[in-house]
Amino acid sequence: MIEDRLAAVEARLGLLEDERDIARTMASYGPLVDGGDAEGVAALWAPDGVYDIDEIFLAGREQIREMVRSPAHRGWIRQGCAHVVGPPHITLDGDEAVAVCHSLMVVHESGRYVVRRATANHWRLRRTQSGWEVVTRTNRILDGRTESPTLLVAGVRGESAGA
């Protein structure tokens, strides 16, 4: 009996550790992208990972690196910006996970801070030898379009984007 109880505690601890590690991976995005760390941002993704933003589709780490190094992004950093990723809702399925959260892009304009974007974020992650990596991150702006809240609900249900 004690072995069964110990195994159950170890399994629960493993789930909590996975959730913590996934949340840390997701929370790393804002500080890394706002710090201009192109290598660090790209390393969050699987080598063939996808970052699907409303107006931008990035496939693979090199395109993600280039986004961070782009003149447009460097301009946001010089102006002052903060990419704030909200607390995630995470659904684990072995070595795969789906997470969903909101994010805000806050920018410094004319001596004050304003929210430039509020988005629904749907993440698919996979456990690798080196930890959790983003397979796909899909962002959709929260501007009244039906796709954005649908993305949030799918994530809470542990479903893939577009399910």
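A short tour of the structure in this document, coming up.

How each quantity is defined
Residues numbered from 1 in each chain as written. Predicted model: local features only at pLDDT ≥ 70, side-chain atom pairs only at ≥ 80, totals over all residues. Heavy atoms only, no water. Helix = DSSP H or I, 4+ residues; strand = E, 2+ residues; numbered from the N terminus. Buried < 20%, exposed > 50% of the residue type's maximum accessible area, 1.4 Å probe, protein only. Contact = heavy atoms within 4.5 Å. Axes fitted to C-alpha atoms, helices over the stretch in contact; angles between N-to-C directions. Parallel < 35°, antiparallel > 145°, perpendicular 65-115°, else oblique. Nonpolar A, V, L, I, M, F, W, Y, C, P; charged D, E, K, R; others polar. Salt bridge = Lys/Arg side-chain N within 4 Å of Asp/Glu carboxyl O.

Thoughts on the overall build of the protein chain
Next, step 1: Scanning the protein chain from N- to C-terminus turns up five helices and seven strands.
Next, step 2: Put simply, the protein chain runs from its N terminus to its C terminus through helices and strands in the order α-α-β-β-α-α-β-β-β-β-β-α.
Next, step 3: With respect to the principal axes defined by its C-alpha atoms, the protein chain has extents near 65 × 35 × 30 Å.
Next, step 4: Expressed as a percentage of the 163 residues in the protein chain, the buried residues total 41%.
Next, step 5: Counting contacts in the protein chain only where the partners sit at least 6 residues apart, residues at least 24 apart contribute 53% of the total.

Re the packing of helix α3 (residues 61–69) against helix α4 (residues 71–79)
Next, step 1: In the contact formed by α3 and α4, the axes pass within 5 Å of each other and the chain directions differ by 45 degrees. The pairing of α3 with α4 is recorded here as oblique in orientation. For the pair α3 and α4, contact is made by Met 67, Val 68 and Arg 69 and by Pro 71, His 73 and Arg 74, respectively.
Next, step 2: Among the residues forming the contact of α3 with α4, the class breakdown is three nonpolar, one polar and two charged.

Digging into the pattern of salt bridges
Next, step 1: Taken as a whole, this structure holds 16 salt bridges when the rule is applied.
Next, step 2: The salt bridge partner of Asp 52 is Arg 140, with a shortest N-O separation of 3.0 Å. Taken together, the residues Asp 52 in strand β1 (residues 45–53) and Arg 140 in strand β7 (residues 131–141) connect sequence positions 88 residues apart. Assigned by exposure class, Asp 52 and Arg 140 land together as buried.
Next, step 3: A single network of salt bridges, built from pairs that share partners, joins Glu 39, Glu 62, Arg 65, Glu 66 and Arg 69.

That is the geometry; function is a separate question.
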